[in-house]
Amino acid sequence: MQITDIRIRKIAKEGKMKAVVSVTFDNAFVVHDIKVIDGEKGLFIAMPSRKASDGEYRDIAHPINSGTRDMIQRSILQEYAAILAAGDVPAEGELEVVV
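Residues numbered from 1 in each chain as written. Predicted model: local features only at pLDDT ≥ 70, side-chain atom pairs only at ≥ 80, totals over all residues. Heavy atoms only, no water.

## Concerning the overall build of the chain
Move 1: Counting its regular elements, the chain contains 1 helix and 7 strands.
Move 2: Starting at the N terminus, the α and β elements of the chain follow one another as β-β-β-β-β-β-α-β.
Move 3: Buried residues in the chain amount to 30% of all 99 residues.
Move 4: When contacts within the chain are restricted to residue pairs at least 6 apart in sequence, those whose partners lie at least 24 apart make up 38%.
Move 5: As presented, the chain carries roughly 6,500 Å² of accessible surface, and 50% of it is formed by carbon and sulfur atoms. (Helix = DSSP H or I, 4+ residues; strand = E, 2+ residues; numbered from the N terminus. Buried < 20%, exposed > 50% of the residue type's maximum accessible area, 1.4 Å probe, protein only. Contact = heavy atoms within 4.5 Å. Areas by Shrake-Rupley, 256 points an atom, 1.4 Å probe, with all protein chains shown as cover.)

As structure tokens, this is what we get:
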């Protein structure tokens, strides 16, 4: 399984959430609404989730092993950092990154 496309939408307002990302795998499957969060230990990703009837949030889609999660997180954060370093980031909007 390979990541074939990453689309990053930067969040303009201040807060811990920095971007919302869509990732395409093998040009065949996409996962939307992955969030880039600025936490106490630095940037990390949060998989798409929804609030359950008991009030807790549950992931809608997520990797089932740590190696896959690490690969997805590393790819997203590398592209996010590269976009920020390039300095051509609009205040808010979609930035397409083809991997």
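Past the structure itself, the notes keep going.
## Observations regarding the pattern of salt bridges
Move 1: Under the counting rule described, the total for this entry stands at 3 salt bridges.
Move 2: Its salt-bridge partner being aspartate 5, residue arginine 7 comes within 2.9 Å of it at the nearest N-O pair.
Move 3: According to the relative accessible area criterion, arginine 7 is partly exposed, its value standing at 28%.
Move 4: Residues arginine 9 and aspartate 33 are paired through a salt bridge, measuring 3.7 Å at the closest nitrogen-oxygen approach. Taken together, the residues arginine 9 in strand E1 (residues 3-10) and aspartate 33 in strand E3 (residues 29-39) connect sequence positions 24 residues apart. (Salt bridge = Lys/Arg side-chain N within 4 Å of Asp/Glu carboxyl O.)

## A word on the side chain of threonine 4
Move 1: Checked against the element boundaries, threonine 4 lands in strand E1.
Move 2: By relative accessible area, which is 16% here, threonine 4 ends up buried.
Move 3: At a separation of 2.9 Å, a polar atom in the side chain of threonine 4 contacts the main-chain amide nitrogen of asparagine 27. (Polar contact = N/O pair within 3.5 Å; in protein donor to acceptor, adjacent residues only side chain to side chain.)

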